[in-house]
Amino acid sequence: MRIRHLNCASMCPPSRRFVQGEGGWLERGHIVCHCLLIEGRGGLILIDTGLGSALMERRVPLHADVKMLGVQLDPACTAKAQIEALGYQAADVRDIVVTHLDFDHAGGLGDFPQARIHVYGVELDAARARRGFVERSRYWPELWSADTRWLVHPEAGQRWFDFDAVRALPGEDAEVLLVPLAGHTRGHAGVAVKNRDGWLLHCGDAYFFHTEIAVDPYCPAGLSLFQRLLAADNRRRLHNQVRLQQLKREHGDVELFCAHCPHELRAHQMRQQPAAGGH
Ligand SMILES: [Zn+2]
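Criteria and cut-off values
Residues numbered from 1 in each chain as written. Predicted model: local features only at pLDDT ≥ 70, side-chain atom pairs only at ≥ 80, totals over all residues. Heavy atoms only, no water. Helix = DSSP H or I, 4+ residues; strand = E, 2+ residues; numbered from the N terminus. Expected span 1.5 Å × (residues − 1). Buried < 20%, exposed > 50% of the residue type's maximum accessible area, 1.4 Å probe, protein only. Arc of directions from axis to C-beta. Contact = heavy atoms within 4.5 Å. Pairing = 2+ DSSP bridges. Axes fitted to C-alpha atoms, helices over the stretch in contact; angles between N-to-C directions. Donors = N, O, S within 2.8 Å, 3.2 Å for Na, K, Ca; no water. Salt bridge = Lys/Arg side-chain N within 4 Å of Asp/Glu carboxyl O. pLDDT = per-residue confidence, 0-100.

**Comments concerning helix H9 (residues 234–250)**
For step 1, the next point in the chain: Look at H9: 24 Å from first C-alpha to last across 17 residues, which is about the 24 Å you get at 1.5 Å a residue.
For step 2, the next point in the chain: Those residues of H9 that fall on the buried side of the exposure criterion are Asn234, Arg237, Asn240, Gln241, Leu244, Gln245 and Leu247. Buried residues along H9 cover an arc of 160° about the axis, so they all sit on one side. Within H9, the exposed residues directed more than 90 degrees away from the buried face are Arg235 and Arg249.

**Considerations on helix H10 (residues 262–271)**
For step 1, the next point in the chain: All buried positions along H10 are accounted for by Pro262, Glu264, Leu265, His268 and Gln269. Buried residues of H10, seen end-on, are gathered within an arc of 160° and therefore sit on one face of the element. Set apart from the buried face of H10 by more than 90 degrees, the exposed residues are Met270 and Arg271.
For step 2, the next point in the chain: Tucked into the core, H10 has its buried residues touching strand E1 (2–11), helix H1 (16–20), strand E2 (31–40), strand E11 (198–202) and strand E12 (254–257).

**A short note on the sheet that holds E11**
For step 1, the next point in the chain: Judged by pairing direction, the sheet is mixed, and its 6 strands sit side by side in the order E7-E8-E9-E10-E11-E12 without closing on themselves. Sheet topology places strand E7 (158–160) and E12 at the edges, where each strand pairs with a single neighbour. Each adjacent strand pair in this sheet contributes to an overall mean axis angle of 35°, direction not counted.
For step 2, the next point in the chain: Where E11 meets E12, 4 bridges bridge the pair, whose relative direction is parallel. Directly across from Trp199, in E12, lies its bridge partner Val254.
For step 3, the next point in the chain: On top of the sheet, H9 reaches E7, strand E8 (163–167), strand E9 (176–180), E11 and E12; it is set at about 145° to E12, its chief contact.
For step 4, the next point in the chain: Together, E11 and E12 form the strand contacts of H10, whose direction differs from that of E12 by roughly 130°.

**Comments concerning the coordination of the zinc ion**
For step 1, the next point in the chain: Of the protein atoms, only Asp104 (OD), His105 (NE2), Asp205 (OD) and His260 (NE2) coordinate the zinc ion, at distances of 2.1 to 2.3 Å.
For step 2, the next point in the chain: The sequence motif formed by the donor residues of the zinc ion is D-H-x99-D-x54-H. With Asp104 in helix H5 (residues 103–106) and His260 in the loop between E12 and H10, this residue pair connects regions lying 156 residues apart in the sequence. The burial state of Asp104 is the same as that of His260; both residues are buried.

**Some thoughts on unusual backbone geometry**
For step 1, the next point in the chain: A positive phi angle, close to 65°, is found at Asp48, a residue other than glycine.
For step 2, the next point in the chain: A relative accessible area of 1% places Asp48 in the buried class.
For step 3, the next point in the chain: The phi dihedral of Phe161 is positive, around 50°, even though this residue is not glycine.
For step 4, the next point in the chain: Secondary-structure assignment places Phe161 in the loop between E7 and E8.
For step 5, the next point in the chain: Look at Phe161 and you get partly exposed, because its relative accessible area is 29%.

**Thoughts on the pattern of salt bridges**
For step 1, the next point in the chain: Summed over all chains, the structure comprises 10 salt bridges.
For step 2, the next point in the chain: As a salt-bridge pair, Glu22 and Arg16 come within 3.4 Å of each other at their nearest N and O atoms.
For step 3, the next point in the chain: On the accessibility criterion, Glu22 (26% relative accessible area) is partly exposed.
For step 4, the next point in the chain: Between Arg159 and Asp164 there is a salt bridge; the shortest N-O distance is 3.0 Å.
For step 5, the next point in the chain: When salt bridges with common partners are traced through the structure, they connect Arg16, Glu22 and Glu27 into a single cluster.

**Thoughts on the sheet that holds E1**
For step 1, the next point in the chain: The sheet built from 6 strands is open, its strands ordered E1-E2-E3-E4-E5-E6 with mixed pairing. Looking at which strands have only one partner, the edges of the open sheet turn out to be E1 and strand E6 (149–153). With direction set aside, neighbouring strand axes in the sheet form an average angle of 25°.
For step 2, the next point in the chain: Contacts from helix H6 (residues 121–129) reach strand E5 (116–120) and E6, with the element oriented near 95° to E5.
For step 3, the next point in the chain: Here H10 sits on the sheet in contact with E1 and E2, set at roughly 145° to E1.

**Describing the confidence of the model for the chain**
For step 1, the next point in the chain: On average, residues of the chain score 93 in pLDDT, and 97% of them reach the 70 mark or higher.
For step 2, the next point in the chain: Taken element by element, the predicted model of the chain shows its lowest mean pLDDT in helix H3 (residues 64–68) (83) and its highest in helix H4 (residues 79–85) (98).
For step 3, the next point in the chain: Scored below 50 in pLDDT, residues 275–279 makes 10 contacts in the model with residues more than four places away or belonging to other chains.

Right, here's the structure in full:
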């Protein structure tokens, strides 16, 4: 079993200093969409999809957020294109586990019509209902279809450290768990993957910047504001961040990373051999 760290979209929001706490106020920032590709014995498993080809190729109307976030429309950056560059086909992806269904995480679902999509029921319900302005902006139902093969999971089933968890893919050689981390969205999850050296925890959008889970937590003002404005439940989001800080402090063998921090992505890609593409 091999795990690759892919960047499946780059975004360049205004004011690097405000968003990332470094560089110039007028410079553009740079955030990524960190996804995992697991090459298991039974096929490929994707954790999050980033932006897919429908959006990158402008086959769906682009909402205002795409411009505001400075999304780079690069079809070569999609998970599908990167998987094909590795010599696979899209149909080799049998399972996709999503942290949540925001367009920058679920945008690629349409590129893998054969795959089973693992998600919490609460999240799928929220994405279908699209209540209020924020949920209408974040969930783009045109990015999946009536044929999408949803596999809905309950939030609890077993314990994983101090968290509830449920095994998404029983019977596979890859141990992949959904871990409830609600707050950013109603049914937001972390995805834990066991590798040779221990556990990886893809925290999705439970936090946005590597230092947010440090001993002295710090988040640049722009990202802090952005997270607060987008939170479906801000108290739960902050509570879960404290739990992640505690997990990191007490269990050094669990590697935590979030979806959008370029520092974390770079650190993981430098460790993996060979580097996965130039994205
Ligand atoms: Zn996101």
